[in-house]
Amino acid sequence: MTETSLQGVRSLLFAPGDDARKLRSALASAADGVIADLEDAVAPDRKDAARGIVRTEFAAAGTHMRRMVRINGLDTDWGREDLALTRTLDLDAIVVPKATADSISAVGADGVPVIALVETAVGLRQAYEIGLHPRVSALMLGGADLGAELRWKPRSDGLELLFARSSLVVDSAAAGILPPFDVVHLAPRAIDELIDESTFARSIGFGGKACIHPCQAEPVNTAFSPSQSEIDWARAVVAAFDDASARGSGTAVVDGRLVDAPVVRHARSMLSHPGSTNQLPRRSPAAH
Ligand SMILES: CC(C)(COP(=O)(O)OP(=O)(O)OC[C@H]1O[C@@H](n2cnc3c(N)ncnc32)[C@H](O)[C@@H]1OP(=O)(O)O)[C@@H](O)C(=O)NCCC(=O)NCCSC(=O)C[C@H](O)C(=O)O
Ligand SMILES: [Mg+2]
């Protein structure tokens, strides 16, 4: 388990790598990080131009924003040149699409952290192994590619995604990396849907979410930050437990619910990182 500059990151905004205007606006947005995309958002005949545009825009931007590049797969005509470009930029991470255990190994053991985009059936089956690679700091779920492969018919309740989402949360925790980033919501104007989807993803253990439009960053940041009532709950839990411990008891009751060691660990972790739920896994003592 290693500390990483991705700790605390909630929203990651994709912008097409060949669109200087969008890259500039993404770098000035409320997102916690920007992913300049060289893969699916860039047409084949724009791939070379995109590398130059990303280099220029990332060099011109201030340093406050975390910067990432999504490369093309190393089995494509463009992946190797993309990877070479990333070695010349000051990046916080690279994003590897359609990740599998083999494709992550091919990226190499040295360099900036990797976010592995799990968006194929094979990748989903290998997500734990991918998470164990020394460069992988987090997984991200790619719903568009996975949905196309598995022939999903999208549902308003997102039930078709539930197995993939839950697997990624479990595989990330078992591998000792950050909680995963959830799928992009493909309808930028549907903010209420985005909030519901983000709230649900956080409730099952995601640490953040990928975005495709600047207007999605703020709602995603809010959804992946503990609310004031959660902070109040955590304080009450810790106080009640400390009080019980002083009386020689290992349990307390807060708001009519049992509070014991795992509940207190959860509460203490929330209080030590009040700005974001995206923190390294809380292991039970027996798991160490
Ligand atoms: C989805 C979009 C194509 C919509 O673009 P557009 O219609 O231009 O949006 P607006 O008219 O609402 O734009 C208003 C202004 O906001 C700027 N803008 C829009 N999107 C972005 C962005 N992503 N980053 C920065 N700035 C953005 C516009 O330029 C307008 O500004 P101005 O011109 O000054 O008025 C568009 O949002 C978009 O291109 N999104 C990103 C697409 C992308 O990167 N896709 C790849 C990643 S998603 C993915 O691949 C998922 C995964 O792999 C999977 O399989 O699931
Ligand atoms: Mg994809």
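In this text, all values refer to a predicted model and were calculated from it rather than measured experimentally. (Residues numbered from 1 in each chain as written. Chains lettered and ligands numbered in written order. Predicted model: local features only at pLDDT ≥ 70, side-chain atom pairs only at ≥ 80, totals over all residues. Heavy atoms only, no water.)

### Some details on the overall build of the protein chain
Scanning the protein chain from terminus to terminus reveals twelve helices and ten strands. Over its C-alpha trace the protein chain gives a radius of gyration of 20 Å, about what one expects of a compact globule, namely 19 Å for 288 residues. Expressed along its principal axes, the backbone C-alpha trace of the protein chain runs to roughly 70 × 40 × 35 Å. Counting every position in the protein chain, which comprises 288 residues, the buried fraction comes to 48%. Surface summary for the protein chain: the accessible area is close to 13700 Å², and the carbon and sulfur share equals 54%. (Helix = DSSP H or I, 4+ residues; strand = E, 2+ residues; numbered from the N terminus. Rg over C-alpha atoms; globule rule 2.2 N^0.38 Å. Buried < 20%, exposed > 50% of the residue type's maximum accessible area, 1.4 Å probe, protein only. Areas by Shrake-Rupley, 256 points an atom, 1.4 Å probe, with all protein chains shown as cover.)

### Describing the domain arrangement of the protein chain
Interface size is often expressed as the accessible area that is lost when the parts come together. Along its sequence, the protein chain is carved into domain 1 (11-224) and domain 2 (228-272). Put simply, the middle of domain 1 and the middle of domain 2, counted by C-alpha atoms, are 35 Å apart. (Domains from an automatic or database assignment.)

### Notes on helix 3 (residues 79-88)
Of the residues making up helix 3, those classed as buried are G79, D82, L83, L85 and T86. Down the axis of helix 3, the smallest arc covering the buried residues is 155°, so these residues share one side. Opposite the buried face of helix 3, by more than 90 degrees, sit the exposed residues R80 and R87. Elements that come into contact with the buried residues of helix 3 comprise helix 2 (47-60), strand 3 (66-70), strand 4 (93-96) and helix 4 (101-107). (Arc of directions from axis to C-beta. Contact = heavy atoms within 4.5 Å.)

### Details of the coordination of the magnesium ion (ligand 2)
E119 (OE) and D145 (OD) make up the full set of protein donors to the magnesium ion (ligand 2), lying at 2.0 to 2.1 Å. Residue E119 is found in the loop between strand 5 (114-118) and helix 5 (121-125), and its partner D145 is found in helix 7 (residues 143-150); the two are separated by 26 residues along the sequence. Judged by its relative accessible area of 3%, E119 is buried. (Donors = N, O, S within 2.8 Å, 3.2 Å for Na, K, Ca; no water.)

### Some words on the pairing of strand 4
Covered by surrounding structure in strand 4 are A93 and V95 together with I94 and V96, the residues of both alternating faces. Here strand 3 pairs with strand 4 via three bridges, running parallel. Counted as the bridge partner of M68 is A93 from strand 4. Read from strand 3 through helix 3 to strand 4, the crossover connection turns out right-handed. Between strand 4 and its parallel partner strand 5, the chain crosses via helix 4, and the hand of that crossover is right-handed. (Pairing = 2+ DSSP bridges. Right-handed = clockwise from strand over helix to strand, strands pointing away.)

### Here's the deal with the UniProt feature "binding site: substrate" (unreviewed entry) in the protein chain
The sites that UniProt annotates as "binding site: substrate" (unreviewed entry) are R70 and E119. Considering the C-alpha atoms alone, the annotated residues occupy 50 residues of sequence yet fold into one spot, their largest mutual distance being 13.6 Å. When you line up the elements, R70 lands in strand 3. R70 gets classed as buried once you look at its relative accessible area, which sits at 9%. Among all residues touching R70, those that are not within four sequence positions of it are F14, I35, A36, D37, L38, E39, D40, A41, V95, P97 and L117. Of note is the side chain of R70, whose polar atom sits 2.6 Å from the side chain of D37. Each residue touching E119, except ones within four places of it in the same chain, is listed here: P97, K98, G142, D145, L146 and E149. Among the polar contacts made by the side chain of E119, one reaches the main-chain amide nitrogen of K98 at a distance of 2.9 Å. (UniProt positions renumbered as here; feature names shortened; annotations may be inferred. Polar contact = N/O pair within 3.5 Å; in protein donor to acceptor, adjacent residues only side chain to side chain.)

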